[in-house]
Amino acid sequence: MSPALATRLARLGITRDADLLLHLPLRWEDETRITAIRDLRPGFTAQVQATVNEASVAYRPRRTLTVSVSDDGGDVLGIRFLNFYPSHIKLFQPGACFRFVGEVRGGFFGLEMVHPRFSKAGSDTPLPNGLTPVYPTTAGLGQATLRKLIERALVAPIEDTLPADWLDVLGLPALDESIRLLHQPPPDAALAELESRRHPAWRRLAFDELLAQQLSLARARAQRRTRSTRPLPPQHRLTAAFIAALPFALTDAQARTWQEISADLAQPHPMRRLLQGDVGSGKTVIAALACLQAIENGLQAAFMAPTEILAEQHYHKLAAPLAALGVHSTWVSGSQRKAERSKAWQAIAAGEVDLAFGTHALFQEGGTFARLGLAVVDEQHRFGVGQRLALSEKGDEPHQLMMSATPIPRTLAMSFYADLDVSTIDVLPPGRTPVVTKLVSAARRDDVLARVRDACLAGGQAYWVCPLIEESEKLQLQTAQDTFAALTQQLPELRVGLVHGRLKPDEKQAAMAAFKEHELDLLVATTVIEVGVDVPNAALMVIEHAERMGLAQLHQLRGRVGRGSRESVCVLLYENPLSELARARLKVIFEFSDGFEIARQDLQLRGPGELLGHRQSGLPLLRFADLERDVDLLEHAREHARRCLAAHPDIAARHVERWLGGRARLSQT
Ligand code: ADP
Ligand code: MG
């Protein structure tokens, strides 16, 4: 095999024969039949066998090779090529016989095919005895080459990695049979079932893929249990004092998740736990409790947030109540003054600080912890797997608590977080009034301005979220400043502030503090306020160009209001005309307030790959299985993975090797 070919195959993820076998067709074409030219219908793909009458090249309106052919019935078909070589012209000699496969069109001079596939063939050339596969491919790698390679790989028998009695129970066909059927379906194969991927052969592959994924995640998890770290058993000293000092009682859901985390910390293996809960469900106090359990065992904790605003807010909110318990905190950020930052790091390295808040600066810099026992990662979906890993290297296998307010549906969680333990806060604290969502056309912006004015003059506060401009940060900033200028002018009776990502940290902090202290009535903001910002008196939010935002983002933004006992309103301003997808998204955000339901709808609108985002790309995505369609298989795969690891490690090893091979060494998160 030439190096060029090997490179192209590698681009498709093919490095071994086993990968070729699993490179399955996108669709199939039926070349088992010849259609008479007289029976061709525009819009349908067909194969004809015909003889060349004449071939000619025209130069206007563009260079075109036109070949006129006719079949035994004497009917004529036009064949047109816009890209061709001189050799083509020579090939189509009058009297030469070909088979052409392509979509039929009604052309100006009668029926034609444009750029059909063709091969030289006489009437005695045998027809293929199965459907012809069409493979996903890449530039410079033709279907014919791929087909030949795969055909060759198919010569050897394919060993099944799973025992026959499992397959009987699951009602799935053998691997050999399934793979062959997909590459070379017989002419009478159920094409519709094949194309919708509900055919048993597809199900077998989907199951195998899911099983491989479950096995590798379960293995990562099992491996973690063989690594040891310092257990942090509950001492009930700081944690109990903290709970006693809270101005509210923990909800049942909080108490339950806290028990799970507390027990996990007491294990001698590094904890990797995801705490998920909707926006506003009260994850922060649970994280604080986890930190305290580490600290009461004499270790340090790190509390990492994705934005400076959020990191700082956590610090300001928690530092004082923690200091009252004798806990020393500090905070580290990328844009702190150098002297200040090195002072913070010194204290952390010397072990004078128990708890360090910060952004990713906490682990991207060279600083060290004297004795890091626990790392909390807030809004973990915003961090890459790599960043999470860097954090675990900061200490001697610290325990990790990851938090996410982007709840993902159970099937996705089962699939992609199977290496983590998951705790879920499933109810909101009491006394919340649900947020009323209103969809308002931008044409009625004036009415919205009046509403903001009234709300603020009545003692409330409001957010005005500027449109998201993904293409350009500069334009985004400009828009925020313009919006701020316009609103300052249009609402002269209000005190208006502005926060955006480009402000210096102390400016940002000053603006947020002023808003919190109610020195500002209206805060104009970019989506920097999307995560975690907590000002209960702000009960009105206006989001401009809501149609540009994703569902998760809208849900997070809306979660900034509805935090007090005041009736809260979120106004989504949209610009017409709306795209199909934008309309669907706005409908979902209007109809649903539960984050899990919104995530489920999002999954349906976008598919799992996008929902998890590139940031999760440290995990292998699924090629064949579909988490909506194949839920039943996922359940079986999970159960079989568990049994397989316990009783048949040899099967597990073989199966993972076949499916993931050298490709996906699962990162040990
Ligand atoms: P999130 O889960 O989105 O991070 P937070 O931890 O910021 O939510 O909590 C949102 C708000 O709810 C905060 O003001 C917090 O003090 C408050 N809160 C948390 N737990 C409770 C509770 N059990 N009862 C009442 N309020 C609570
Ligand atoms: Mg939070």
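Rules used throughout
Residues numbered from 1 in each chain as written. Chains lettered and ligands numbered in written order. Predicted model: local features only at pLDDT ≥ 70, side-chain atom pairs only at ≥ 80, totals over all residues. Heavy atoms only, no water. Domains from an automatic or database assignment. Phe/Tyr/Trp six-rings, centres within 6.5 Å; stacked < 30°, edge-to-face > 60°. Helix = DSSP H or I, 4+ residues; strand = E, 2+ residues; numbered from the N terminus. Buried < 20%, exposed > 50% of the residue type's maximum accessible area, 1.4 Å probe, protein only. Lys NZ or Arg CZ within 6 Å of the ring centre and 35° of its normal. Polar contact = N/O pair within 3.5 Å; in protein donor to acceptor, adjacent residues only side chain to side chain. Contact = heavy atoms within 4.5 Å. Expected span 1.5 Å × (residues − 1). Arc of directions from axis to C-beta.

**Q** Looking at this model, I keep getting lost on the domain arrangement of the protein. Mind explaining?
**A** Interface size is often expressed as the accessible area that is lost when the parts come together. Parsing the protein into structural domains produces domain 1 (34-126), domain 2 (238-425) and domain 3 (435-592). Taking only C-alpha atoms into account, the centre of domain 1 sits 68 Å from that of domain 2.

**Q** Sorry if this is basic, but what is going on with the packing of aromatic side chains here?
**A** Each aromatic ring pair is described using two quantities: the centre-to-centre distance and the angle formed by the ring planes. What the rule picks out here adds up to 16 aromatic pairs. Consider the rings of Trp-28 and Trp-202, whose centres lie 6.5 Å apart with planes at 65°: the pair is edge-to-face. Here Trp-28 is found in strand E1 (residues 27-29), whereas its partner Trp-202 is found in helix H8 (residues 200-226), with 174 residues between them in sequence. With a relative accessible area of 3%, Trp-202 lands in the buried category. Ring centres of Phe-100 and Phe-118 lie 6.4 Å apart, and the angle between their planes is 45°; this geometry places the pair in the tilted category. With Phe-100 in strand E5 (residues 97-107) and Phe-118 in strand E7 (residues 117-120), the pair connects residues that are 18 residues apart, well separated along the chain. Each residue in the set Phe-81, Phe-92, Phe-98, Phe-100 and Phe-118 is aromatic and connected to the rest through ring pairs, giving one cluster. Above the ring of Phe-84, the side-chain terminus of Arg-63 is found at 4.2 Å from the ring centroid. Note that Arg-197 overlies the ring of Trp-202, its terminal NZ or CZ placed 4.1 Å from the centroid.

**Q** Mind showing me how you'd approach the side chain of Ser-70 here?
**A** Its location among the elements puts Ser-70 in strand E3 (residues 64-70). Within the structure, Ser-70 has its side chain in polar contact with the side chain of Asn-53 (distance 3.1 Å). Leave out the neighbours within four places in its chain, and Ser-70 touches Ile-37, Ala-50, Thr-51, Asn-53, Asp-75 and Val-76.

**Q** Looking at this model, I keep getting lost on helix H10 (residues 252-265). Mind explaining?
**A** Quick reminder: α-helices carry 3.6 residues per turn. Residues three or four places apart thus point the same way. With 14 residues, H10 extends 20 Å from end C-alpha to end C-alpha; this agrees with the ideal 20 Å at 1.5 Å per step. Along H10, the positions that sit buried rather than exposed are Ala-253, Gln-254, Thr-257, Trp-258, Ile-261, Ser-262, Asp-264 and Leu-265. Viewed end-on, H10 has its buried residues packed into an arc of 160°, placing them on one side of the element. Packing partners of the buried residues in H10 comprise helix H9 (238-245), strand E9 (272-277), helix H11 (283-295), strand E13 (372-377), strand E14 (399-404) and strand E15 (421-425).

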